[in-house]
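In case you want the letters, here they are:
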Amino acid sequence: MNFKSTSKKIITICLLSTLLVTAPFAGNTEASTAVNSDELVATAKNLIGIKYRGGGTTKAGFDCSGFVNYVFDDLGIDLPRTSVGMHSSGDKVSKEDLKSGDLVFFNTSGKGVSHVGIYIGDGKFIHSSSSKGVKVDKLSDPYYWGKRYVGAKRVAEVTVAVNK
């Protein structure tokens, strides 16, 4: 075996090893970025009333994932563009352990995850509704959201401000 052939094999093995180690984490958002709960909720609530727009990512109109992206981007956190992509990110959270800032997911189409919102505490979430734009709803609404809830993910560590 000559030096050139051995070098190519070593480089190939190193590259494949790197891919094997890093590939499972591609596209995942680490839940290590800290944001303040009050700031996150205030940022989201300041957008209440903005109309729904399919594919919308600005204050001119939001779709559900465009709204979530806008809020988190404002706080310095990058997320995947779609609700499905967001659902593939972060750490799974049980309904009982939800904290402000967790992403909540719904099946509104009958075909899996199709809607996302931000949990804001007290059993409520904020989202961009196709009928009413950015608004707050109850997670356990027995007529609509409660039946369509799929799960939740934590994509950032949200801290609660301590009153002095």
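Residues numbered from 1 in each chain as written. Predicted model: local features only at pLDDT ≥ 70, side-chain atom pairs only at ≥ 80, totals over all residues. Heavy atoms only, no water.

S.K.: Before we go on, may I ask you to explain the nonpolar core in this structure?
M.R.: Within soluble globular proteins, side chains that are nonpolar tend to cluster in buried spots. By size, the foremost hydrophobic cluster in this structure holds 27 residues, and its most contacted members are Phe 67, Val 68, Phe 72, Leu 103 and Ile 118. Elements represented by at least two residues in this core include exactly α2 (37-45), α3 (64-74), β5 (103-106) and β6 (115-121). With five residues, α3 is the single largest residue contributor to this core. The contacts of Ile 118, once residues within four sequence positions are left out, are Leu 40, Phe 67, Val 68, Val 71, Phe 72, Gly 101, Asp 102, Leu 103, Val 104, Lys 124, Phe 125 and Ile 126. (Core = buried A, V, L, I, M, F, W, Y, C linked by side-chain atoms within 4.5 Å. Buried < 20%, exposed > 50% of the residue type's maximum accessible area, 1.4 Å probe, protein only. Helix = DSSP H or I, 4+ residues; strand = E, 2+ residues; numbered from the N terminus. Contact = heavy atoms within 4.5 Å.)

S.K.: Could you clarify how one ought to interpret the sheet that holds strand β8 (residues 133-138) in this entry?
M.R.: Strand pairs in the sheet, formed through backbone hydrogen bonds, run parallel or antiparallel to each other. Spatial strand order, β4-β9-β5-β6-β7-β8: six strands in an open sheet with antiparallel pairing. Two strands close off the open sheet at either side, each with one partner strand: β4 (91-93) and β8. The sheet shows a mean angle of 35° between the axes of neighbouring strands, taken without regard to direction. Where strand β7 (residues 124-129) meets β8, six bridges bridge the pair, whose relative direction is antiparallel. Bridge pairing links Ile 126 to Val 136 in β8. Against the sheet, α2 contacts β6, β7 and β8, and its axis sits at roughly 125° relative to β6. Each of β5, β6, β7 and β8 is contacted by α3, which is oriented at about 45° to β6, the strand it contacts most. (Pairing = 2+ DSSP bridges. Axes fitted to C-alpha atoms, helices over the stretch in contact; angles between N-to-C directions.)

S.K.: What am I meant to see in a negative patch on the surface here?
M.R.: Side chains of Glu 39, Asp 73, Asp 74 and Asp 78 sit close together on the surface and give a patch of like negative charge. Along the chain, the position of Asp 74 falls in helix α3. (Patch = residues over 30% accessible without salt bridge, like charges linked within 9 Å, V, L, I, M, F, W, Y side chains within 5 Å. Areas by Shrake-Rupley, 256 points an atom, 1.4 Å probe, with all protein chains shown as cover. Salt bridge = Lys/Arg side-chain N within 4 Å of Asp/Glu carboxyl O. Lys, Arg positive; Asp, Glu negative; His and termini not counted. Charge placed at Lys NZ, Arg CZ, Asp CG, Glu CD.)

S.K.: What is the right way to look at α2 in this model?
M.R.: Residues that lie three or four places apart on an α-helix share one face, since the helix turns once every 3.6 residues. Turning to α2, its buried residues number three or more, namely Ser 37, Leu 40, Val 41, Thr 43 and Ala 44. Taken down its axis, α2 places every buried residue within 160° of arc, on the same side. Where α2 is buried, its residues contact β1 (34-36), α3, β6, β7, β8 and β10 (157-159). (Arc of directions from axis to C-beta.)

S.K.: Would you mind going over the environment of Lys 59 with me for this structure?
M.R.: Tracing the backbone shows Lys 59 in the loop between β2 (57-58) and β3 (61-62). Put simply, Lys 59 and Tyr 70 are 11 residues apart on the chain and 8.9 Å apart in space, counted from C-alpha to C-alpha.

S.K.: Would you explain the pairing of strand β9 (residues 149-154) in this entry?
M.R.: Within a regular strand, side chains alternate between the sheet's two faces. Taken across its six residues, β9 has five buried, putting it largely inside the fold. Sheet analysis places β4 next to β9, joined by three bridges and oriented antiparallel. In the strand pairing of β9, Val 93 is matched with Ala 152. As judged from the four bridges shared by β5 and β9, these two strands associate in the antiparallel manner. Within β9, the position partnered with Phe 105 by the bridge is Gly 151.

S.K.: Help me understand the packing of α2 against α3 in this model?
M.R.: Pairs of packed helices are described in terms of their axes, by the angle between the two and the distance that separates them. Their axes nearest at 10 Å, the elements α2 and α3 cross at an angle of 135°. Considering the angle they form, α2 stands oblique to α3. Along this stretch, α2 crosses α3, giving a crossing that reads as right-handed. Across the interface between the two elements, Leu 40, Thr 43 and Ala 44 of α2 pack against Phe 67, Val 71, Phe 72 and Asp 74 of α3. Tallied by class, the residues present in the contact of α2 with α3 amount to five nonpolar, one polar and one charged. (Parallel < 35°, antiparallel > 145°, perpendicular 65-115°, else oblique. Left-handed = near helix turned anticlockwise from the far one by under 90°. Nonpolar A, V, L, I, M, F, W, Y, C, P; charged D, E, K, R; others polar.)

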